[in-house]
Amino acid sequence: DDVTLVIFSDFGRDLTMNGGNGTDHGWGSNLFVAGGSVKGGQILGSYPDDLTNKSPYVMGGTVIPTTPLDSMWNSIAQWMGVTSEGGLNLVAPNRKSFPSEYLWGENVMFDID
């Protein structure tokens, strides 16, 4: 119950082909979190309904994430006992760029007794 494993891709892929018939690195990606205290069976964040260039989540073929990665780190840090704003900002330095409703508390990802 004291260990959490995070597995994620460091980048997504663009939706459009590049000159070499492949795709370039993008922003949107996915991750998995496992551990004894992790609330399993959840999909957190959201997938864009529209992946056309008219979507606010697509810029030039690149998918813009709907959920900041700092949401996850904020939750894990709190679960590990980091509670001060200064400490949370060290763990997730971009968290200040997002409204608080985008930053998950430990209760979102973990079973808290």
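**Student:** What's the story with the layout of surface pockets in this structure? I'm lost.
**Tutor:** Where empty space is left becomes clear once a probe the size of a water molecule has been rolled over the atoms. Reported here for the largest pocket is a volume of approximately 1,300 Å³. If you trace the largest pocket, you find 43 residues lining it, with Ser-29, Asn-30, Leu-31, Leu-44 and Thr-67 closest to the centre. Broken down by secondary-structure element, the contributors of at least two residues to the lining of the largest pocket are strand E4 (31–35) and helix H1 (69–79). The leading source of residues in the lining of the largest pocket is H1, at 5 residues. Looking at the lining of the largest pocket residue by residue, the class counts come to 26 nonpolar, 13 polar and 4 charged.

**Student:** Honestly, the pattern of salt bridges in this entry has me stumped. Any pointers?
**Tutor:** Any two side chains of opposite charge can pair, given that their charged atoms come close. Inspection of the entire model under this criterion finds 1 salt bridge. The residue Arg-95 makes a salt bridge to Glu-85 at a minimum N-O spacing of 3.1 Å. One end of the pair, Arg-95, is in the loop between helix H2 (85–91) and helix H3 (106–109); the other, Glu-85, is in helix H2, and 10 residues separate them in sequence.

**Student:** Even after reading the chapter, I still don't get H1, so can you show me in this structure?
**Tutor:** Think of an α-helix as turning once every 3.6 residues; residues three or four places apart then point the same way. Burial runs high along H1: 8 of the 11 residues are buried. Phi turns positive, to about 105°, at Gly-81, one or two residues after H1.

**Student:** For this particular structure, what's the right way to read the environment of Asn-94?
**Tutor:** Secondary-structure assignment places Asn-94 in the loop between H2 and H3. For the pair Asn-94 and Ile-76, spaced 18 residues apart in sequence, the C-alpha to C-alpha distance is 15 Å.

**Student:** I keep staring at the side chain of Ser-75 and nothing clicks. Help me out?
**Tutor:** Its place among the elements puts Ser-75 in helix H1. From its side chain, Ser-75 meets the backbone oxygen of Gly-105 in a polar contact 2.9 Å long. What Ser-75 contacts, discounting residues up to four positions off in sequence, is Trp-104, Gly-105, Glu-106, Met-109 and Phe-110.

**Student:** What's the story with the packing of aromatic side chains in this structure? I'm lost.
**Tutor:** Any two aromatic rings considered together are summarised by their centre-to-centre distance and by the angle between their planes. Across all of its chains, the model carries 2 aromatic pairs by this definition. Seen in terms of ring centroids, Phe-8 and Trp-73 are 6.4 Å apart; in terms of plane orientation they differ by 75°. Their pairing is edge-to-face. Linking Phe-8 in strand E1 (residues 4–8) with Trp-73 in helix H1, this pair joins segments that are 65 residues apart in sequence.

Cut-offs used in this document
Residues numbered from 1 in each chain as written. Predicted model: local features only at pLDDT ≥ 70, side-chain atom pairs only at ≥ 80, totals over all residues. Heavy atoms only, no water. 1 Å grid on protein atoms, 1.4 Å probe; cavity = no way out; pocket = protein on both sides within 12 Å on 5 of 7 lines; lining within 4 Å. Points joined across faces, edges and corners; volume = space filled by probe spheres on them. Helix = DSSP H or I, 4+ residues; strand = E, 2+ residues; numbered from the N terminus. Nonpolar A, V, L, I, M, F, W, Y, C, P; charged D, E, K, R; others polar. Salt bridge = Lys/Arg side-chain N within 4 Å of Asp/Glu carboxyl O. Buried < 20%, exposed > 50% of the residue type's maximum accessible area, 1.4 Å probe, protein only. Polar contact = N/O pair within 3.5 Å; in protein donor to acceptor, adjacent residues only side chain to side chain. Contact = heavy atoms within 4.5 Å. Phe/Tyr/Trp six-rings, centres within 6.5 Å; stacked < 30°, edge-to-face > 60°.

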